[in-house]
Amino acid sequence: MTYGFDRPMTLGEFYGFCWPAQVNTNCMDDGLCRDFQSYLAQEHADKADCIKGCNEMQLAKWRQYNMYGCESAINNATDWCEKYCRMYFDFGPPSDPAVQKANAAVRPDPGPNPMIDPGLGQMAPQKPQ
């Protein structure tokens, strides 16, 4: 599954999808998304290892933020973390355009996914100043 992308998600895009779920909760500190983003920036052995780490982060964040009502924001961050891992290992690192181009040729674009790409700029509000 490509989630409407024909390339891996960047760490900036991950943050753009992660942060909005925190806006309407008591989790206004962007440490949650930044921690997941830092995890994703690390090297992972394979897709399964990457996804396992996302789930371990989820458990740790539930313990850390359990009294703040952040469950939906944590679950959203975990979902996007897993999507990032799948796309990274399905398409190659964002910094390797040759691998991306080769993989895009093998995996045809399934078309737009209105849940993800109706306008990336519209779905990724900036952190309040």
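For the structure, see preceding data.
Here we summarise the structure given alongside this text. Just so it is clear, the model here is predicted, and its values are computed rather than measured. (Residues numbered from 1 in each chain as written. Predicted model: local features only at pLDDT ≥ 70, side-chain atom pairs only at ≥ 80, totals over all residues. Heavy atoms only, no water.)

Across the eight residues of helix H1 (residues 11–18), six count as buried, placing the element largely inside the fold. All buried positions along H1 are accounted for by Glu13, Phe14, Tyr15, Gly16, Phe17 and Cys18. (Buried < 20%, exposed > 50% of the residue type's maximum accessible area, 1.4 Å probe, protein only. Helix = DSSP H or I, 4+ residues; strand = E, 2+ residues; numbered from the N terminus.)

In this section: the packing of aromatic side chains. As enumerated under the stated definition, the model contains four aromatic pairs in all. Both rings, one in Phe17 and one in Trp80, keep their centres 4.1 Å apart while their planes meet at 5°; by these two values the pair is stacked. One end of the pair, Phe17, is in helix H1; the other, Trp80, is in helix H5 (residues 71–91), with 63 residues separating them in the sequence. Residues Phe17 and Trp80 agree in their burial class; the two are buried. Members of the aromatic cluster, joined through ring pairs, are Tyr84, Tyr88 and Phe89. Cation over ring: Arg34 sits above Tyr15, and NZ or CZ is 3.9 Å from the ring centre. One cation-aromatic arrangement involves Lys83 over Trp80; the distance from NZ or CZ to the ring centre is 4.2 Å. (Phe/Tyr/Trp six-rings, centres within 6.5 Å; stacked < 30°, edge-to-face > 60°. Lys NZ or Arg CZ within 6 Å of the ring centre and 35° of its normal.)

Our next topic: the pattern of salt bridges. Side chains that carry opposite charge are capable of pairing whenever their charged atoms lie near each other. For the structure on display, the rule yields four salt bridges. Its salt-bridge partner being Lys61, residue Asp35 comes within 2.4 Å of it at the nearest N-O pair. Separated by 26 residues along the polypeptide, Asp35 in helix H3 (residues 31–41) and Lys61 in helix H4 (residues 47–65) bring together distant segments of the chain. Measuring nitrogen to oxygen at the nearest pair gives 4.0 Å for the salt bridge that ties Arg86 to Glu82. With Arg86 and Glu82 both in helix H5, this residue pair falls four residues apart, about one helical turn. For Glu82, a relative accessible area of 18% puts it in the buried group. (Salt bridge = Lys/Arg side-chain N within 4 Å of Asp/Glu carboxyl O.)

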